[in-house]
Amino acid sequence: MSTLTLTAYSFTATLSRFGSGNFPRERIETADLTRTAYGSMNRRGTSYEPPHLWQVTAVVDLATAEILQSMHDLYQLTPGSVVVDDLIRPYTEPSPRTRALATSSPAAVTLGSNVRYYARFNAEFQGALTVEKLGNGWHKATFQLIETTKVAAA
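Residues numbered from 1 in each chain as written. Predicted model: local features only at pLDDT ≥ 70, side-chain atom pairs only at ≥ 80, totals over all residues. Heavy atoms only, no water.

(A) Focus on the nonpolar core. If you look at the biggest cluster of nonpolar residues, it comprises 28 residues, and the most contacted ones within it are Leu 6, Leu 15, Val 84, Phe 143 and Leu 145. Among the elements of the structure, β1 (4-8), β2 (11-15), β6 (52-61), α1 (62-77), β7 (82-86), β10 (114-117), β11 (120-125) and β13 (138-150) are those that each provide at least two residues to this core. Not counting residues up to four positions away in its chain, the partners in contact with Val 84 are Leu 4, Thr 5, Leu 6, Trp 54, Ala 119, Arg 120, Phe 121, Ala 123 and Leu 145. (Core = buried A, V, L, I, M, F, W, Y, C linked by side-chain atoms within 4.5 Å. Buried < 20%, exposed > 50% of the residue type's maximum accessible area, 1.4 Å probe, protein only. Helix = DSSP H or I, 4+ residues; strand = E, 2+ residues; numbered from the N terminus. Contact = heavy atoms within 4.5 Å.)

If you want it as structure tokens, here you go:
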């Protein structure tokens, strides 16, 4: 398991070797907690669910590096959604499940009144894609994806 599968523009790239830890997905725009003069909690943040951000550094072969470069080039010409099947970090939320399951993922697991599963996301590239040749046919690809819209559960 432990893969990110990206699908866009008739290309699919599966990433399984990461150079920056095992959890490239994080939330952005998290709540800011402060206290009032009386010590009560004051929570500032968005009125919507904060999007996810993938900061990816992956070691890939030449074919995968070329696929990623093609996806990014086509995105620059006609921006569109990149489907991300995240089989690295499960997503947990109150039951019932609101997101689509990632392709080839195991079934969702119920934990009390919550559900935990590997999810599918819609995302777009944010910033540049860099590909560095490492030698022996391996390359290091570095890029960011930001979640755009939720892929609803079927």
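(B) Focus on the pattern of salt bridges. Evaluation of the coordinates by the stated rule reveals seven salt bridges. Three or more residues are tied together by salt bridges with common partners; here these are Arg 27, Glu 49, Arg 99, Glu 147 and Lys 150. (Salt bridge = Lys/Arg side-chain N within 4 Å of Asp/Glu carboxyl O.)

(C) Just the side chain of Asp 85, in detail. Mapped onto the elements of the fold, Asp 85 is located in strand β7. Under the relative-accessibility criterion, Asp 85 is labelled buried at 3%. Setting aside residues up to four positions removed in sequence, Asp 85 forms contacts with Thr 3, Leu 4, Thr 5, Ala 102, Thr 103, Ala 119 and Arg 120.

(D) Representation of the pairing of strand β12 (residues 130-135). Of the pairings in the sheet, the one linking β12 to β13 comprises five bridges and is antiparallel in character. Bridging from a neighbouring strand, Thr 130 pairs with Thr 142 of β13. (Pairing = 2+ DSSP bridges.)

(E) Structural context of the packing of aromatic side chains. Within the structure shown, the criterion is met by four aromatic pairs. A network of ring pairs unites the aromatic residues Tyr 75, Phe 125 and Phe 143 as a single cluster. The ring of Tyr 117 has Arg 97 sitting right over it, with the charged end atom 5.7 Å from the ring centre. The residue whose ring lies beneath Arg 99 is Tyr 91, and the NZ or CZ to ring-centre distance is 4.7 Å. (Phe/Tyr/Trp six-rings, centres within 6.5 Å; stacked < 30°, edge-to-face > 60°. Lys NZ or Arg CZ within 6 Å of the ring centre and 35° of its normal.)

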